[in-house]
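Structural features, examined
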Amino acid sequence: MTHQQLKTSVIIIGAGPAGAGTSFFLTKYGIPHIVIEKDTFPRDKVCGDGCSGKTALVIKRANPEWLDEILADEQSFLPSWGITFSAPNGKPLHVPFAPNRTPEMKAPGFTSARMVFDNFLFGKMASPQCTVYQNASVTSIDTNINGVVVEMVHNNTQYMVSAPIIIGADGDKSMVRKKFLPENTAPKTSAVGLRAYYEGITGMHEEQFIELHFLKEMLPGYFWIFPLPNGMANVGVGILSERIRTKKINLREQMLGIIKNNPIIAPRFANAKLVGKLDGWGLPLAMSRQPLSGINFMLTGDAACLIDPFSGEGIGNALYSGMLAAAAIKEAAEKNDYSAAFLKQSYDDVVYKRLGGEFKISSTLQRLCNYPWLFNFVVNKAYKSPSLRNTISCMFADMDMRDQLRKPSFYLKILFNK
Ligand SMILES: Cc1cc2nc3c(=O)[nH]c(=O)nc-3n(C[C@H](O)[C@H](O)[C@H](O)COP(=O)(O)OP(=O)(O)OC[C@H]3O[C@@H](n4cnc5c(N)ncnc54)[C@H](O)[C@@H]3O)c2cc1C
C-alpha cells in the first residue's frame, strides 16, 4: 500500500444530498474541498423518493439550469402537483400544491428514485474546487491544533487528509457524529421506515398526487404511495421506533398485511408487482434542538437529525443544511475562526432560525396524529368546504398558516364553520 498526505480547506464525509449541497455552495464560494464517500455512485438509498419544494429551491439556488434539467426529464423525475391525505376513516383529501395553477407554472416538487436523483446530484459536484474519493474507507478521524486529520484507504493507497474543518454528511449512522458527539448518538425520537418498489398499482390521482394514508394501526406514522416515472411507485411505511418497541410491531408483516388486506389499499394492488425487495432504514427526526457543530466540525442532513417529524421529509433539509453549512464555512474561513462558539452562532443558530419553526409545527402535528378522531374531523369538514381545502393547500407554502394547525382556535373555527 502506498501513502499520501493531502491538505484541503474542508473535508466532507458522505456524498448524499447533504454532502452534495455543501459541496455545491463551497464551489460557488471558491473553497477547495475533498468529499469522501464509502459507496460507488449510482448507489441506492432507502427513501420515499419524494422531493419537496425545498429540494427544488436549493437546487435552483445552486444553479437554476439544474432544476430546469430535472423538470424537463419526466422519464427520471415525475413532477409533483399535490398530495392526497387519507384520513383514518379512509376518506381521501386531495390537496393541490398550487391551487391557482397556470399553464406556464413549473411543478413545486417531484419524485425520483434515489438511485437516479442522488446520482444526478453527485454528477453536479464536479468542479475544480471539489475532489471526490468514492468507494473509500475512512479508518480514523482525529483532531490536532490545526484542525482535523482523516485517515482513509482508497484504491490501495492510504491517505492522511487534513483540513481546518470536517462536515458530517454521512447519514443516519454518522461516524462523524459518533466521533464528536458520542453522548448524543442515538436520539430516542427516531423513526424507522420500510420501502418497496411496485409497478401496476391502480387508482392513482389523475395528476399523480403523492399519497399519505394515515391508517389507524400506523398512527402517528403512515403508509405511503408515491407515483414515480414509468408507471412505477414507491410504497412504504414509516413509524416511530418507540411504537415498534412498545407494541412489538413487525413492520414488514404490517406493511404486507395492509397491501393484502386493507379494504381501500388492497384492491389497488390486485395486479401490482413487487420489483425488488422490501428495505428498511432509520429516520432521525428533528424533535428537539440538538447541537449541530463544535470545534472544527459541523453536521448536516440526517447526521444532524434534521428530518421533518411529521412528513418524514429529509432530502430538502439535507440540501438546505448543506447550503447553510457552506455559508458558515465561508465566514469561518474569512475570520479563520473554527471555534465551537463561532460555528454555533454561524451555523446552528441559523439552521434553527430558518427551520426551527417548521420542526415545532411538525412535532405538534405528529402528536395530534395520535387522535384519529381529530384527523377524521378535519378531513370530513374539508371534504365539504372548498375554502378549508384552499387553506390547507396554502399551508404547504405558508408557515404562518401552517402554524394555525397548532392552535385550538383553528379547530374551533372549523367546528363552527367560520
Ligand atoms: C423509509 C424512508 C423514507 C423516506 N422518505 C423520504 C421522502 O419521501 N422524502 C424525503 O425528503 N426524505 C425522505 N426520507 C429521508 C431521506 O432519505 C434522508 O433525510 C436523506 O437521505 C438525508 O440525506 P443525507 O445526505 O443526510 O444522508 P444520506 O442520503 O444517507 O447520504 C449519506 C451518504 O454518506 C455515505 N456514508 C455513510 N457513512 C459513510 C462513511 N463512514 N464514510 C463515507 N461515506 C459514508 C453514504 O454512503 C451516503 O452516500 C426517508 C427516509 C427513510 C428511511
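The structure reproduced in this document is the subject of the present report. Owing to the predicted nature of the structure, the values given are computational and were not obtained by experimental measurement.

What counts and how
Residues numbered from 1 in each chain as written. Predicted model: local features only at pLDDT ≥ 70, side-chain atom pairs only at ≥ 80, totals over all residues. Heavy atoms only, no water. Helix = DSSP H or I, 4+ residues; strand = E, 2+ residues; numbered from the N terminus. Expected span 1.5 Å × (residues − 1). Buried < 20%, exposed > 50% of the residue type's maximum accessible area, 1.4 Å probe, protein only. Pairing = 2+ DSSP bridges. Axes fitted to C-alpha atoms, helices over the stretch in contact; angles between N-to-C directions. Near = heavy atom within 4 Å. Polar contact = N/O pair within 3.5 Å; in protein donor to acceptor, adjacent residues only side chain to side chain. Areas by Shrake-Rupley, 256 points an atom, 1.4 Å probe, with all protein chains shown as cover. Nonpolar A, V, L, I, M, F, W, Y, C, P; charged D, E, K, R; others polar.

With that out of the way, let us pick up helix α1 (residues 17-28). In this model, α1 (12 residues) spans 17 Å end to end at C-alpha, consistent with the 16 Å of a helix rising 1.5 Å per residue. Taking burial as the measure, the 12 residues of α1 include 10 buried ones, the bulk of the element. When we look at burial in α1, the residues that qualify are P17, A18, G19, A20, G21, T22, S23, F24, F25 and L26. Taken from the residues just after α1, G30 is the one with a positive phi, measuring 75°.

Taken in spatial order, the 7 strands line up as β7-β6-β15-β16-β17-β14-β18 in an open sheet, and their pairing is mixed. Edge positions in the sheet fall to β7 (92-96) and β18 (273-283), since each has one partner strand and no second. Here the average twist between neighbouring strands, direction ignored, is 15°. In the sheet, strand β6 (residues 82-86) pairs with strand β15 (residues 210-213) via 4 bridges, with the strands oriented parallel.

This paragraph deals with unusual backbone geometry. Keep in mind that most residues, glycine aside, have a negative phi and that most peptide bonds are trans. The omega torsion of the bond from F41 to P42 falls at 0°, within 30 degrees of zero and hence cis. Residues other than glycine seldom take positive phi values, yet D49 does so here, at roughly 70°. Inspection of the secondary structure assignment puts D49 in the loop between β3 (33-36) and β4 (50-51). With a phi close to 45°, N336 is a non-glycine residue in the positive phi region. You can see N336 is positioned in the loop between α8 (315-335) and α9 (340-368). Exposure remark for N336: the relative accessible area of 64% places this residue in the exposed category.

We now examine the site of the ligand. Around the ligand sit 36 residues, and of these E37, G48, G50, R114 and D302 come closest. Backbone polar atom of G48 to a nitrogen atom of the ligand: 2.7 Å apart, as the coordinates give it. A distance of 2.9 Å separates an oxygen atom of the ligand from a polar atom in the backbone of I315. Coverage of the ligand by the protein amounts to 93% of the 1000 Å² it exposes when considered alone. It is β18 that provides the largest number of residues to the shell around the ligand, a total of 3 residues. For the shell around the ligand, a count of residues per class yields 16 nonpolar, 10 polar and 10 charged.

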